[in-house]
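# Fold and geometry: a report
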Amino acid sequence: MKNRGQLIEIFMSNLANAIVHQILEKATNEQAYIDRYDKEMKNSWQIAKNYREKINPANRALPFRDAEEVKQKIINKVNIELNLRISRGYQNINLKLVEEYIDKSLKEMSII
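The model shown is predicted, which means the values in this text are computed figures rather than measured ones.

The rules we used
Residues numbered from 1 in each chain as written. Predicted model: local features only at pLDDT ≥ 70, side-chain atom pairs only at ≥ 80, totals over all residues. Heavy atoms only, no water. Core = buried A, V, L, I, M, F, W, Y, C linked by side-chain atoms within 4.5 Å. Buried < 20%, exposed > 50% of the residue type's maximum accessible area, 1.4 Å probe, protein only. Helix = DSSP H or I, 4+ residues; strand = E, 2+ residues; numbered from the N terminus. Contact = heavy atoms within 4.5 Å. Salt bridge = Lys/Arg side-chain N within 4 Å of Asp/Glu carboxyl O. Polar contact = N/O pair within 3.5 Å; in protein donor to acceptor, adjacent residues only side chain to side chain.

### A look at the nonpolar core
In terms of nonpolar packing, the biggest core is built from 30 residues, with F11, I23, V70, I74 and V78 touching the most fellow members. Going through the elements one at a time, α1 (4-26), α2 (31-52), α3 (64-87) and α4 (97-108) are the ones with two or more residues in this core. Excluding residues that lie within four positions of it along the chain, F11 makes contacts with A48, Y51, R52, I55, V70, M109 and I111.

Here is the structure:
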């Protein structure tokens, strides 16, 4: 059994990956990439959801301090990855979507 900190870290990494791929999907018009990003996003989302169910309290939002820390760490992870992709030549990535997608995702996962 993993401790709460490890569960939260795995949850955050998978949710960040799902959000990165959701934003990448919006940045392209090529169907092959859209399909790949969608598959990766759904897979990471499901893993994050499974880990969220193991983090107490499972049925309601985390305490404010924990929720804010989780949100900030996910924002950092997503921004780092997207900036890395931009430096590799990816185009049309809208960094303004990051916080909006994270807030929506955290609400769906009952973190905030």
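### Side note on the pattern of salt bridges
Think of it this way: side chains of opposite charge can pair up when their charged atoms draw near. Considering all chains together, one arrives at 8 salt bridges under this definition. For R4, the salt bridge is made with D66, and the minimal N-O distance between the two is 3.3 Å. One end of the pair, R4, is in helix α1; the other, D66, is in helix α3, and 62 residues separate them in sequence. Residue classification places R4 among the partly exposed residues on the basis of a relative accessible area of 34%. On the basis of relative accessibility, which here comes to 14%, the residue D66 falls in the buried class. The partner of E69 in a salt bridge is K73, and the shortest N-O contact between them spans 3.1 Å. A residue pair is termed a helical-turn pair when its members lie 3 or 4 positions apart in one helix, as E69 and K73 do in helix α3 at 4 residues.

### Re the side chain of H21
Tracing the sequence through the fold places H21 in helix α1. Take H21: its relative accessible area is 8%, and that puts it in the buried class. Looking at H21, its side chain comes within polar contact range of the main-chain oxygen of N17, at 2.9 Å. In contact with H21, not counting residues within four places along its chain, are Y37, E40, M41 and R85.

Purely geometric stuff here, so don't read any function into it on its own.
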